[in-house]
Amino acid sequence: MSDEQTMLPEDDGLPEDLNGTFMTLIDEEGNDLELEYVDTLEYNGGIYMAFYPTVPEGVDPDTVEDDEDYGLIILRVVSVDGEDQLETISDEVELQAVYDRLMEELFEEDEEEEGE
């Protein structure tokens, strides 16, 4: 998904609470992407959303555990003609920085939940 923009579902924009939410996004080529929402992160003035791809029906989830096609996907939110869209991050430095910050926040949340 390099340098692609993906439309957010129509009329939804950016939902406020997506925990446990599955979304079907459509890439530039018209392919449906079924993703599970993980988190939204504001970083360096940008908004990023993280997802895991869903495992297709009939495929053993254990067989895709090490498959890079089923790893975490981080997309940047951009506004195109007044509509929010998601695009891939082609800058490896930016992608790594966002990934690192996202992991920090997720681990902080886990630690807070364990401390309660």
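In what follows, the accompanying structure is described. Residue numbers restart at each chain and count upward from 1, following the sequence in its written direction. Note on the predicted model: pLDDT of at least 70 is required for a residue's local features to be given, and 80 or more for side-chain atom pairs to be given and counted; whole-chain, interface and lining totals, by contrast, use all residues. Computation of side-chain values covers all heavy atoms of the structure but excludes hydrogens and water.

A look at unusual backbone geometry
So, point 1. For Asn44, which is not a glycine, the phi torsion comes out positive at approximately 50°.
So, point 2. Strands here are runs of E lasting at least two residues and helices are runs of H or I lasting at least four, both read from the DSSP assignment and numbered beginning at the N terminus. Looking at the secondary structure, you find Asn44 in the loop between β3 (32-43) and β4 (46-53).
So, point 3. Exposure classes here rest on a 1.4 Å probe applied to the protein chains alone. A residue is buried below 20% of its type maximum, exposed above 50%, and partly exposed in between. With relative accessibility at 70%, the residue Asn44 sits in the exposed group.
So, point 4. One non-glycine residue, Asp81, adopts positive backbone phi at about 55°.

A short note on the packing of aromatic side chains
So, point 1. Note on aromatic pairs: the rings of Phe, Tyr and Trp (six-membered ring only in Trp) are paired at centre separations within 6.5 Å, and the planes decide the class, stacked below 30 degrees, edge-to-face beyond 60, tilted for the rest. The full count for this structure, using the stated rule, is one aromatic pair.
So, point 2. Judged by centre distance (6.0 Å) and plane angle (75°), the ring pair of Tyr37 and Phe51 falls under edge-to-face. Here the residue Tyr37 occupies a position in strand β3, and Phe51 occupies one in strand β4, the gap between them amounting to 14 residues.
So, point 3. With relative accessibility at 0%, the residue Phe51 sits in the buried group.

Some details on the pairing of strand β5 (residues 73-80)
Two faces belong to every sheet, and in a regular strand the side chains alternate between them.
So, point 1. Among the eight residues that make up β5, six are buried, leaving the element largely enclosed by the rest of the structure.
So, point 2. Strand pairing follows a simple DSSP-based rule, namely that at least 2 bridges must link the two strands. Of the pairings in the sheet, the one linking β4 to β5 comprises five bridges and is antiparallel in character. Looking at β5, one finds that Phe51 is bridged to Ile73.
So, point 3. Bridging between β5 and strand β6 (residues 83-88) involves six bridges; their strand directions are antiparallel. Across the sheet, residue Arg76 finds its bridge partner in β6, namely Glu87.
So, point 4. Counted between consecutive antiparallel strands, the loop separating β5 from β6 contains two residues, among which Asp81 sits at a positive phi close to 55°.

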